[in-house]
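Single-letter residue listing:
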Amino acid sequence: MAEGKKEYIEISIPLEAPSTADQKAVDLFNEYFPANDAFMRREDNKVILFLKQLNFGKLEEFVQAHRSDLALSIYETIAKIRSYNIKGSKRIYANYAAERKVKQRKLKEQKRDKIYYARGHNFIPENTEVPADFENKIICGNSEEILRQLPDNCVDLIFTSPPYNFGLEYHQQDDDHYWQDYFDRLFAIFDQCIRVLKFGGRIAVNVQPLFSDYIPTHHIISNYFMQKKLLWKGEILWEKNNYNCKYTAWGSWKSPSSPYLKYTWEFVEVFCKGSLKKAGDKKNADITAEEFKEWVTVKWSIAPERRMKEFDHPAMFPEELARRVIKLFSFKGDFILDPFNGVGTTTVVAEELGRKYLGIDIAAKYCERAKQRHLDARNT
Ligand SMILES: C[S@@+](CC[C@H](N)C(=O)[O-])C[C@H]1O[C@@H](n2cnc3c(N)ncnc32)[C@H](O)[C@@H]1O
């Protein structure tokens, strides 16, 4: 056995109440997997797993064959490991990064001109605070006008979902503009968002393109931010699992002539101003290790909001989406803005998580609901 060699990762699994069945599980594991892939050794009150690579299907077979607590905890321990590469039918756990190591990475990055599209920005690295009049407020009005009253560089994180131009029945607001007009209005508000963002601040925009109009809204918005020299942090795929969405356009069934592509997800595009790194005190980071591990893998499976009727709003996002974005991208005490705040999902979650907030919406009715929602949340 190649025990001790660095090509294995070593994992210790404690045994709650050691028994003879444990040794059987270890023996069976060692029979199931070639030692070159993985092997186990039993010690007094623990087993040590030496893991290099593994056929995961075979691991499931092993658990079926040895239905014991230890077999199950071996399975759970291995299933939890998220860093691996895939080669054929195996997950490669050890040294996979070394295989892909790029020689002279820094030099090559320089040559490629990393984040070239944001070169020459003139964002100033001095930040300020939001004036007290705007702190922890829900304000009714057009965001473009309200945001003009804020100073430059004062907001840590903007999380929002713009009106979609889907023809939804919003209160006091049409949602079926000529696309060019829609983007002109949206970008006038985004210009203000970019201005008020702190240096190192982030803007995360939840977008669901209108697929039937073939307008890739998420690309158009992202492209706009890149033109404005923001840095692309990444894209979150919000999997809603709503499989009951429209199946096919009339006449396109089973024909390559124009298949209708179905989406069960939406996007969250995340951009940063000036720097990918955000200043903040580590003691104000409130994300747990488990949340961090799970959420940086950016396919988030979250059910859509089910209370839209109750709140009488046609396009809310769920609190869990706001919770993840806020905890992953901001510190406790940071200032969170939603310029399309609807019935207050972002601001309610921001308050719950100990952040300061400002929510703006053009519809008085939604602002009243948002205010009530804050009161209700404080009383529960
Ligand atoms: C997709 S909804 C946001 C819903 C919100 N995320 C929630 O969960 O309640 C977009 C909102 O933008 C608002 N809106 C549209 N134009 C606006 C403008 N110019 N300024 C401020 N709000 C606007 C609409 O009234 C609508 O509530």
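The rules we used
- Residues numbered from 1 in each chain as written.
- Predicted model: local features only at pLDDT ≥ 70, side-chain atom pairs only at ≥ 80, totals over all residues.
- Heavy atoms only, no water.
- Helix = DSSP H or I, 4+ residues; strand = E, 2+ residues; numbered from the N terminus.
- Buried < 20%, exposed > 50% of the residue type's maximum accessible area, 1.4 Å probe, protein only.
- Areas by Shrake-Rupley, 256 points an atom, 1.4 Å probe, with all protein chains shown as cover.
- pLDDT = per-residue confidence, 0-100.
- Contact = heavy atoms within 4.5 Å.
- 1 Å grid on protein atoms, 1.4 Å probe; cavity = no way out; pocket = protein on both sides within 12 Å on 5 of 7 lines; lining within 4 Å.
- Points joined across faces, edges and corners; volume = space filled by probe spheres on them.
- Nonpolar A, V, L, I, M, F, W, Y, C, P; charged D, E, K, R; others polar.
- Pairing = 2+ DSSP bridges.
- Domains from an automatic or database assignment.
- Patch = residues over 30% accessible without salt bridge, like charges linked within 9 Å, V, L, I, M, F, W, Y side chains within 5 Å.
- Salt bridge = Lys/Arg side-chain N within 4 Å of Asp/Glu carboxyl O.
- Lys, Arg positive; Asp, Glu negative; His and termini not counted.
- Charge placed at Lys NZ, Arg CZ, Asp CG, Glu CD.
- Axes fitted to C-alpha atoms, helices over the stretch in contact; angles between N-to-C directions.
- Parallel < 35°, antiparallel > 145°, perpendicular 65-115°, else oblique.
- Left-handed = near helix turned anticlockwise from the far one by under 90°.
- Core = buried A, V, L, I, M, F, W, Y, C linked by side-chain atoms within 4.5 Å.
- Polar contact = N/O pair within 3.5 Å; in protein donor to acceptor, adjacent residues only side chain to side chain.

J.: Account for the overall build of the chain, with residues named and values stated.
T.: Scanning the chain from N- to C-terminus turns up 13 helices and 14 strands. Taking the principal axes of its C-alpha atoms as reference, the chain extends roughly 70 × 55 × 55 Å. Relative to its 380 residues, the chain shows a buried fraction of 46%. As presented, the chain carries roughly 20900 Å² of accessible surface, and 51% of it is formed by carbon and sulfur atoms.

J.: Go over the confidence of the model for the chain, please, and point to the residues and values.
T.: Of all residues in the chain, 91% have pLDDT values of 70 or greater, and the mean over the chain is 90. Taken as a whole, residues 1-5 scores under 50 in pLDDT and shows seven contacts with residues more than four places along the chain or in a different chain.

J.: Break down the layout of surface pockets for me, citing the residues and quoting the values.
T.: Roughly 480 Å³ of volume is contained in the second largest pocket. Around the second largest pocket, the lining comprises 19 residues; the ones closest to its centre are Arg202, Phe292, Lys327, Leu328 and Phe329. Elements with a minimum of two residues in the lining of the second largest pocket: strand 10 (231-239) and helix 11 (319-329). Of all the elements, strand 10 adds the most residues to the lining of the second largest pocket, at four residues. By residue class, the composition of the lining of the second largest pocket is ten nonpolar, two polar and seven charged.

J.: I'd like a description of the pairing of strand 11 (residues 265-272), backed by residues and values.
T.: A large share of strand 11 lies buried, amounting to seven of its eight residues. Two elements, strand 10 and strand 11, share eight bridges in a ladder whose sense is antiparallel. Paired with Trp232 across the strands is Phe271, a residue of strand 11.

J.: Kindly report on the domain arrangement of the chain, identifying the contributing residues and their values.
T.: Each assigned domain of the chain is listed here: domain 1 (9-99) and domain 2 (117-378). A C-alpha centroid distance of 42 Å is found between domain 1 and domain 2.

J.: Hey, could you go over helix 11 for me, with residue numbers and the actual values?
T.: Since one α-helical turn is 3.6 residues long, residues separated by three or four positions face the same way. Most of helix 11 is tucked away, with ten of its eleven residues classed as buried. For helix 11, every residue scored as buried is listed here: Glu319, Leu321, Ala322, Arg323, Arg324, Val325, Ile326, Lys327, Leu328 and Phe329.

J.: Tell me about a positive patch on the surface, residues and numbers included.
T.: A contiguous patch of positive charge on the surface is contributed by Lys103, Arg105, Lys108, Lys111 and Arg112. Structurally, the position occupied by Arg105 is in helix 5 (residues 105-112). Exposure remark for Arg105: the relative accessible area of 45% places this residue in the partly exposed category.

J.: Quick one: what's the story with the packing of helix 11 against helix 12 (residues 345-352), residue by residue and with numbers?
T.: Where helix 11 meets helix 12, the axes come as close as 9 Å, and the angle between the chain directions of the two elements is 55°. Regarding the angle of helix 11 to helix 12, the classification is oblique. With respect to the hand of their crossing, helix 11 and helix 12 are arranged in right-handed fashion. On the side of helix 11, the interface is formed by Glu319, Ala322, Arg323 and Ile326, while helix 12 contributes Thr345, Thr346, Val348, Val349, Ala350 and Glu352. Among the residues making up the contact of helix 11 with helix 12, the classes are represented as five nonpolar, two polar and three charged.

J.: How would you explain the nonpolar core if you had to name every residue and give the values?
T.: In this structure, Val155, Phe190, Ile203 and Phe225 are the most contacted members of the largest nonpolar core, which totals 36 residues. Counting residues per element, the ones that place at least two in this core are helix 6 (143-147), strand 8 (155-160), helix 7 (179-196), strand 9 (197-207), helix 8 (217-227), strand 13 (335-338) and strand 14 (356-361). Top element by residues in this core is helix 7. It accounts for ten residues. Beyond its immediate sequence surroundings of up to four residues, Val155 is in contact with Val130, Val196, Leu197, Lys198, Gly201, Phe335 and Leu337.

J.: Please provide a residue-by-residue account of the side chain of Lys52, values included.
T.: By the element assignment, Lys52 lies in the loop between strand 3 (46-51) and strand 4 (53-55). A polar side-chain atom of Lys52 sits 2.9 Å from a polar atom in the side chain of Asn36. Leave out the neighbours within four places in its chain, and Lys52 touches Glu7, Tyr8, Asn36, Asp37, Arg91, Ile92, Tyr93 and Ala94.

J.: Give me the sheet that holds strand 14: which residues, what numbers.
T.: Read across the open sheet, the eight strands follow the order 7-14-13-8-9-11-10-12; overall the sheet is mixed. Each edge of the sheet is formed by a strand with only one pairing partner; in this case those strands are strand 7 (137-140) and strand 12 (299-301). Within this sheet the neighbouring strands show an average axis-to-axis angle of 20°, counted without direction. Sheet topology places strand 13 next to strand 14; four bridges connect them, and they run parallel. Counterpart to Phe335 in the pairing with strand 14 is Lys356.

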